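Chain and residue survey
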Amino acid sequence: MKTPLVFSTSPRGDEIARHVAQLLGAPVHLCGSGRPDAAPLVTSAYGQGVPIVGICATGALIRLLDGNLGDKSSEPPVVAVSADGKVAVPLLGSHRGANALARWIADGFRGFAAVTATSDTLYDFSLDDPPPGYVVANPQAVRPLMAALLKGEKLRVEGLSGWLELAGYPVSRDGSQLLRLTESPVPGPGLLVHPKTVVAGLGCTSRAETSEVVSLVRSTLETAGIAPMALAALATIHTHGRTPALLEAADHFSVPLRTFTRREIDREKKRLVNPSAAVEAAIGVAGVCEAVAIKAGALIAPKQIAGNVTCALGRADTPLDVNRFGKPV
């Protein structure tokens, strides 16, 4: 998510605006009478697809948008928050992050998110805005499926369905509306949802280039029949955590780069498919890419080598919580 625009329109909302900005890691803009005008900030942010959080009345934020609204499929999240932080109202982009953002802000102030989208009042989340760890591969299929569910149809799920049942979705083995939960990119009928269960373990030399890393990860995923959207993280040894090629590859795939220490990697020595005496002599561990991939669960693609880079794939049984996987860079 792009860094949101957070602003207040009066001194009454300044304190909450500062808190929200701090929570979101964003700068705060104090606007209103005798202070900078919020209108150009809002217009610019909306045009660039930047999430907007206004500590102001909903009517005030609507007027600041001034009718310059685009297609609902591309609009950014727009949320109005009361001056005491107790009410957060998603105005636009409800299924592009606004509902989740409103709930998150409201939770932070023990308040209430005034979510009004039909699917979000019936279910804990809409299928075009699934919970962390899941990503929709064919969003154009969401609307007709949700419309059918709202008419009383039921969902037939290929894959684990517990997370959907807990959210209130009507799941039945005889359901007419198909949802396929799989890491495979193979197109087919119904809504395709990828669980983010796969980790690409990486090793490299100091001469590695970003294009090498991206190309090898893509080819390894393709050979294994895994969609790039199912990637949860890239992983490597802690000494490579600042390697530009790995960091840029992580940005390319929109996933974090996580690291493990030599000691953590060495614990997987007996599970390696391709241990290397040369690598062990050089850096003290028998292998990097397979060892860090295995940390996810099962090794599904052993070490592949291309130029200055090695890659292996590991898969968890359920969507990976990357915050509990290795350490951040």
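Figured I'd write up the structure that's included with this text. Keep in mind that what you see is a predicted model, and the values were worked out from it rather than measured. Here the residue numbering is sequential within each chain, running from 1 through the sequence in written order. In keeping with the model being predicted, local features are shown solely for residues with a pLDDT of at least 70 and side-chain atom pairs are shown and tallied solely at 80 or more, while totals for entire chains, interfaces and linings include all residues. Derived side-chain values reflect all non-hydrogen atoms in the structure, with water molecules and hydrogen atoms excluded from consideration.

Grid points spaced at 1 Å and placed over the protein atoms alone form the basis of the search, with a cavity being a set where a 1.4 Å probe fits but cannot get out and a pocket an open set showing protein on both sides within 12 Å along at least five of seven lines. Lining residues have an atom within 4 Å of a point. Grid points are joined across faces, edges and corners, and a volume is the space filled by probe spheres set on the points. For the second largest pocket, the calculated volume is near 290 Å³. Every residue lining the second largest pocket is counted, 16 residues in all, and those nearest its centre are Gly-203, Cys-204, Thr-205, Val-279 and Thr-310. To qualify as a helix, a DSSP run of H or I must reach at least 4 residues; to qualify as a strand, a run of E must reach at least 2; elements of each kind are numbered from the N terminus. Those elements giving two or more residues to the lining of the second largest pocket turn out to be β11 (198-204), α11 (277-283), β14 (298-306) and β15 (309-315). For the lining of the second largest pocket, the element with the highest residue contribution is α11, accounting for three residues.

This part takes up the nonpolar core. Grouping buried Ala, Val, Leu, Ile, Met, Phe, Trp, Tyr and Cys residues that are joined through side-chain atoms within 4.5 Å yields what is termed a nonpolar core. Burial classification: accessible surface area is computed with a 1.4 Å probe over protein chains only, and a residue below 20% of its type maximum counts as buried, one above 50% as exposed, and the rest as partly exposed. The biggest cluster of nonpolar side chains holds 25 residues, and the ones touching the most others in it are Leu-202, Val-213, Val-217, Leu-231 and Leu-234. Contributions of two or more residues to this core are made by β11, α8 (210-224), β12 (231-237), α9 (244-252) and β15. With five residues, the single largest contributor to this core is α8.

A pair of aromatic rings is counted whenever rings of Phe, Tyr or Trp (Trp by its six-membered ring) have centres within 6.5 Å, and the orientation is called stacked for planes under 30 degrees apart, edge-to-face for over 60 and tilted otherwise. Throughout the structure, instances matching the rule amount to four aromatic pairs. With a centroid separation of 5.8 Å and 45° between ring planes, the pair formed by Phe-125 and Tyr-169 is classed as tilted. Here the residue Phe-125 occupies a position in the loop between α5 (118-122) and β7 (134-136), and Tyr-169 occupies one in the loop between α7 (162-166) and β9 (177-181), the gap between them amounting to 44 residues. Tyr-169 carries the same exposure label as Phe-125, and that label is buried. Arranged with centres 5.0 Å apart and planes meeting at 80°, the rings of Phe-260 and Phe-325 form a pair that is edge-to-face. Of this pair, Phe-260 sits in strand β13 (residues 257-260) while Phe-325 is found in the loop between β15 and β16 (327-328), placing the two residues 65 residues apart along the sequence. Given the relative accessible area of 7%, Phe-260 is considered buried. Assessed through its relative accessible area of 5%, Phe-325 is described here as buried. Each member of the aromatic cluster is reached from another via a ring pair, and the members are Phe-125, Tyr-134, Trp-163 and Tyr-169.

Further remarks concern the side chain of Asp-14. Inspection of the secondary structure puts Asp-14 in helix α1 (residues 14-24). According to the relative accessible area criterion, Asp-14 is buried, its value standing at 8%. When checking whether two residues touch, look at their non-hydrogen atoms; a contact exists if any pair is within 4.5 Å. Dropping the residues within four chain positions of it, Asp-14 is found in contact with Ser-8, Leu-30 and Arg-35.

Okay, the sheet that holds β15 next. Strand pairing requires that DSSP identify at least two bridges connecting the strands. Ordered by their spatial adjacency, six strands build an open sheet running β14-β15-β11-β12-β13-β16, and the pairing between neighbours is mixed. Looking at which strands have only one partner, the edges of the open sheet turn out to be β14 and β16. Pairing of β13 with β16, which is carried by two bridges, proceeds in the antiparallel orientation. Looking at β16, one finds that Arg-258 is bridged to Pro-328.

Here the idea is simple: oppositely charged side chains can pair when their charged atoms come close. Any carboxyl oxygen of Asp or Glu that lies within 4 Å of a side-chain nitrogen of Lys or Arg is treated as forming a salt bridge with it. This structure, assessed with the given rule, holds seven salt bridges. A salt bridge links Asp-14 to Arg-35; the shortest N-O distance between them is 2.7 Å. Linking Asp-14 in helix α1 with Arg-35 in the loop between β2 (28-30) and α2 (38-47), this pair joins segments that are 21 residues apart in sequence. One network of salt bridges, in which partners are shared, links Glu-268, Arg-271 and Lys-295.

Attention shifts here to the sheet that holds β9. Spatial strand order, β7-β10-β9-β8: four strands in an open sheet with mixed pairing. Of all strands in the sheet, those with a lone pairing partner are β7 and β8 (155-158), marking the two edges. Taking the axes of each pair of neighbouring strands and ignoring which way they run, one obtains an average angle of 25° across the sheet. As judged from the three bridges shared by β7 and strand β10 (residues 191-195), these two strands associate in the antiparallel manner. Bridge pairing links Tyr-134 to Pro-195 in β10. Whenever a helix is involved, its axis is fitted only over the stretch in contact; in every case the axis is a line through C-alpha atoms, and angles between N-to-C directions fall within 0 to 180 degrees.

The next point concerns empty space enclosed by the protein. What the rule picks out here adds up to one cavity of 30 Å³ or more. Quantified by volume, the largest cavity comes out at close to 30 Å³. Lining of the largest cavity is provided by Leu-272, Asn-274, Pro-275, Ala-286, Gly-287, Val-288, Cys-289, Glu-290 and Lys-303. Amino acids are sorted into nonpolar (Ala, Val, Leu, Ile, Met, Phe, Trp, Tyr, Cys and Pro), charged (Asp, Glu, Lys and Arg) and polar (every other residue, Gly among them). Among the residues forming the lining of the largest cavity, the class breakdown is five nonpolar, two polar and two charged.

At their nearest, the axes of α8 and α9 sit 8 Å apart, and the two run at 50° to each other. In terms of axis orientation, α8 runs oblique to α9. Crossing of α8 over α9 shows right-handed handedness. Contacts from Thr-210, Val-213, Val-214 and Arg-218 of α8 reach α9 at Pro-244, Ala-245, Leu-246, Glu-248, Ala-249 and His-252. In the contact of α8 with α9, the residues fall into six nonpolar, two polar and two charged. Throughout, the term roughly parallel applies to angles under 35 degrees, roughly antiparallel to angles over 145, roughly perpendicular to angles from 65 to 115, and oblique to all others. Handedness of each helix crossing follows the sense of rotation of the near helix against the far helix: counterclockwise by less than a right angle gives left-handed, clockwise gives right-handed.

This part is about the side chain of Ser-126. Take Ser-126: it is sitting in the loop between α5 and β7. For Ser-126, a relative accessible area of 1% gives the class buried. In the analysis that follows, any N or O atom pair within 3.5 Å is treated as a polar contact, provided that within protein one partner can donate a hydrogen and the other can accept it, and provided that, for residues neighboring in sequence, both atoms belong to side chains. Within the structure, Ser-126 has its side chain in polar contact with the side chain of Asp-128 (distance 2.7 Å).

Function-wise, these values are silent; they only describe arrangement.
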